[in-house]
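Here is what each chain is made of, one letter per residue.
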Amino acid sequence: MQNKTFYNFIKRLLTEGKINASSLGSSIRRSDDYKTLLEGGFLETTLAVTGGGSVIVKNKQALEKYFSDKFPSELQNTFTAIANVNSLRNTKAGKRISQNVVLIRGQKHIVLNGTNVDLKKYTDTFGTFSASLNGLETDKICFVENLDSFFLAEEVIGNDYVFIHTYGGMGKSVINKVSAKEILIFPDYDFKGLHNYLLVKSIFTNTKLFIPDNYEALFSAKSRTIKTKQGREQQPSKQVLESDEKNVVKIRSDIFKHKKFLEQQALFK
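Below is a short write-up of the structure. (Residues numbered from 1 in each chain as written. Predicted model: local features only at pLDDT ≥ 70, side-chain atom pairs only at ≥ 80, totals over all residues. Heavy atoms only, no water.)

Summed over the entire model, instances satisfying the criterion amount to nine salt bridges. The salt bridge involving R105 is made with E154; its shortest N-O contact spans 2.7 Å. Residue R105 is found in strand 4 (residues 101–105), and its partner E154 is found in helix 8 (residues 154–157); the two are separated by 49 residues along the sequence. E154 shares its class with R105; the two are buried. The shortest N-O distance in the salt bridge between D254 and K250 comes to 3.3 Å. Remark: K250 and D254 occur in helix 13 (residues 246–258); sequence separation between them is four residues, near one turn of the helix. (Salt bridge = Lys/Arg side-chain N within 4 Å of Asp/Glu carboxyl O. Helix = DSSP H or I, 4+ residues; strand = E, 2+ residues; numbered from the N terminus. Buried < 20%, exposed > 50% of the residue type's maximum accessible area, 1.4 Å probe, protein only.)

The pairing of strands in a sheet happens through backbone hydrogen bonds and is either parallel or antiparallel. Across the sheet, which stays open at both edges, the six strands sit in the order 7-4-10-9-12-13 with mixed pairing between neighbours. Strands at the two margins of the open sheet, each flanked by one partner only, are strand 7 (129–132) and strand 13 (207–209). On average, each strand axis in the sheet is tilted by 30 degrees relative to the strand beside it, whichever way the strands run. Relative to strand 10 (residues 162–166), strand 9 (residues 140–144) runs parallel, the two sharing three bridges. Within the sheet, the bridge partner assigned to I141 lies in strand 10 and is V162. Seen against the sheet, helix 6 (residues 119–126) touches strand 4, strand 7 and strand 10 and runs at an angle of roughly 90 degrees to strand 4. (Pairing = 2+ DSSP bridges. Axes fitted to C-alpha atoms, helices over the stretch in contact; angles between N-to-C directions. Contact = heavy atoms within 4.5 Å.)

The subject of this paragraph is the side chain of D33. Looking at the secondary structure, you find D33 in helix 3 (residues 32–39). Of the polar contacts made by the side chain of D33, one reaches the side chain of Y66; its length is 3.1 Å. (Polar contact = N/O pair within 3.5 Å; in protein donor to acceptor, adjacent residues only side chain to side chain.)

Now for the pairing of strand 3 (residues 53–57). When a strand is regular, its side chains alternate between the sheet's two faces. For strand 3, the buried fraction is high: four of the five residues fall into the buried class. Where strand 1 (residues 18–20) lies against strand 3, three bridges are found, and the strand directions are antiparallel. Residue pairing for strand 3: K18 is matched across the bridge by I56.

Once that is clear, we can look at helix 3. Taken together, the buried positions of helix 3 are occupied by D33, Y34 and L37. For helix 3, the buried positions fall inside an angular range of 100 degrees around the axis, keeping them on one side. In helix 3, the exposed positions that point more than 90 degrees away from the buried face belong to D32 and E39. Looking at the buried positions of helix 3, the neighbouring elements they touch are helix 1 (4–16), helix 2 (26–29), strand 2 (43–47), strand 3 and helix 4 (60–70). Taken from the residues just after helix 3, G41 is the one with a positive phi, measuring 85 degrees. (Arc of directions from axis to C-beta.)

We now examine the environment of I183. Positionally, I183 belongs in strand 12 (residues 182–186). Each C-alpha atom, one on I183 and one on V200, is 8.6 Å from the other, the two residues being 17 residues apart in sequence. Dropping the residues within four chain positions of it, I183 is found in contact with I141, F143, V178, V200, F204, N206, T207 and K208.

What follows covers the packing of aromatic side chains. Summed over all chains, the structure comprises twelve aromatic pairs. Residues F42 and Y66 carry aromatic rings whose centres are separated by 5.7 Å and whose planes lie at 55 degrees to one another, so their mutual orientation is tilted. With F42 in the loop between helix 3 and strand 2 and Y66 in helix 4, this residue pair connects regions lying 24 residues apart in the sequence. Grouping residues by exposure puts F42 and Y66 together as buried. Relative to F268, the ring of F186 lies with its centre 6.2 Å away and its plane at 50 degrees, an arrangement referred to as tilted. Taken together, the positions of F186 in strand 12 and F268 in the segment after strand 15 (260–261) put the pair 82 residues apart, joining distant regions of the chain. Given the relative accessible area of 10%, F268 is considered buried. One aromatic cluster in this structure is built from F6, F9 and Y34. Of note, R105 hangs over the ring of F150, and the distance from its end group to the ring centre comes to 6.0 Å. (Phe/Tyr/Trp six-rings, centres within 6.5 Å; stacked < 30°, edge-to-face > 60°. Lys NZ or Arg CZ within 6 Å of the ring centre and 35° of its normal.)

Below is the structure:
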């Protein structure tokens, strides 16, 4: 047995010295690892007068060595995929540390991770520039939700913005590392896109949601069902439901009324 539940079980024992036997899950009780700890003298169980009992650390030094050998990467509260494999044999077993990888393109000079970068040169030569983001400074930033739209964004937005596509989705760890006078969000016009917009705006009040002038016509001609491949409808977050911002209300109402949404790819010819 080598998983996060067992990891937390041993970690708690090492921290507290003992735990109530009633708090042990059945998966731990039945595991060979737990039996090994009891039979090897690492742990012992005691019975209480009123019933129940406790699991007590009998040999802390030996238990610490066992813990170190079994879980070689100390996990704490966050995990990398490599640490998850080494400790839990599963890259997705715990919350990962965000690598903050972004794709960036545009025609401007930017300050990226403290270095002046001629973004135009890299965009014209390679199509995009990539970095593990520690900090980005420029006048205007546009976050683009989808990768294919990211490479065409100038056709719709123009060349005044530096375009960013975040690997793995939008998160505060990336948002908090950018600095700009103006931030524009170019999303899918669905509940997720609205949530991402409100997330960024909760951090930077100067954030705007890009909506094309012909949104109504595009929605009528090119909108698609809000249902997922599994047949379930995408659901709005609390922030989206409670927002009274005009543009959010408009898009939210269209989705509820028609059970459809407009993908950002529909804006390109």
